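What follows is each chain in one-letter form.
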Amino acid sequence: MFYVDYFYNFGESNNREVISNAFDKDLFVTGYGGQEGIFKLNSVDFTVLDSTIAGGASVFAPRPITADEKNVYVGDQYNHRIMKFDRNDLTVVSSAGSYGSGGNNFDNPFQMALKKKGNDTTLFVCDFKNHAVKIYNADNMNFRKSFGQLGLGATSFFCPTGIAATEEKVFIVQDANHRLQKWNVSANLEFSYENSVILNLNTAGNAKLAADQKYVYVFYAKISEESILSTELWLEV
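### Topic: the sheet that holds strand β3 (residues 27-30)
Piece 1. Ordered in space as β3-β4-β5, the three strands form an open sheet in which the pairing is antiparallel. Lying at the two open borders of the sheet, with one neighbouring strand each, are β3 and β5 (48-51). Neighbour-to-neighbour, the strand axes of this sheet turn through a mean angle of 30°, independent of strand direction.

Set out below in structure tokens:
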């Protein structure tokens, strides 16, 4: 079973809920057991069903991960690329990107988000050290657009780590300036800034995002010598 801890004021424990893990879902994780790979786990007892290590795929520091009905998408951070795997057997379907500062380049890819509308699925990737979001066609992994630039202003990026997408909006959180942004995104991937908020954190701590039609959820880890504290923040969309 899982334990979900709820906090308020970024640290004071509010409640703990117990959630049964008896669900029939695929569970994909990265870095399981300290190994550099992607792992498919049994959702009941967490035994390893398959992995990229078993298949011989070479990935170095795979951290960000997301999935759709057919594939698993992973950021291969130290190889500065993104990879697409068949979710049935974790074989490599395709990859995109290389080290650099150009459009189809990465310098440490972070969290990814999928946005599906009609038959079109778009993959958004935080490019941490290039201070940008890279956008791909998730079906063929073709590069579509790079968006953003370094800065401290409301519409700039400074080390983006987290991203989430709904049907019409994209939310981006940044590690260096603690800013959470809300963007409207058109069908042709034109971004229009809506608003932002500065999170009251000592550090964004490589914050990650999730979103639904009403809320955006911010997850971060605050690490000290005494403890590791995972804190969640809910903001109304």
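### Quick word on unusual backbone geometry
Trans is the prevailing form of peptide bonds, just as negative phi is the prevailing case for residues other than glycine.
Piece 1. Residues other than glycine seldom take positive phi values, yet methionine 141 does so here, at roughly 60°.
Piece 2. Given the relative accessible area of 5%, methionine 141 is considered buried.
Piece 3. One non-glycine residue, leucine 189, adopts positive backbone phi at about 65°.
Piece 4. Within the secondary structure, leucine 189 sits in the loop between β16 (179-185) and β17 (191-198).

### Some words on the pattern of salt bridges
Piece 1. The tally for this structure, following the rule as stated, stands at nine salt bridges.
Piece 2. Between glutamate 36 and arginine 63 there is a salt bridge, with its nearest N and O atoms 3.2 Å apart. With glutamate 36 in the loop between β3 and β4 (38-41) and arginine 63 in strand β6 (residues 62-67), this residue pair connects regions lying 27 residues apart in the sequence.
Piece 3. Overall, arginine 63 belongs to the partly exposed group, its relative accessible area being 39%.
Piece 4. Salt-bridge contacts for lysine 145 lead to glutamate 190; the nearest nitrogen and oxygen are separated by 3.7 Å. Here glutamate 190 lies in the loop between β16 and β17 and lysine 145 lies in strand β13 (residues 143-147), a separation of 45 residues in the sequence.
Piece 5. A relative accessible area of 45% places glutamate 190 in the partly exposed class.

Scoring rules and cut-offs
- Residues numbered from 1 in each chain as written.
- Predicted model: local features only at pLDDT ≥ 70, side-chain atom pairs only at ≥ 80, totals over all residues.
- Heavy atoms only, no water.
- Pairing = 2+ DSSP bridges.
- Helix = DSSP H or I, 4+ residues; strand = E, 2+ residues; numbered from the N terminus.
- Axes fitted to C-alpha atoms, helices over the stretch in contact; angles between N-to-C directions.
- Buried < 20%, exposed > 50% of the residue type's maximum accessible area, 1.4 Å probe, protein only.
- Salt bridge = Lys/Arg side-chain N within 4 Å of Asp/Glu carboxyl O.

Everything listed here is a matter of geometry and, on its own, says nothing about what the molecule does.
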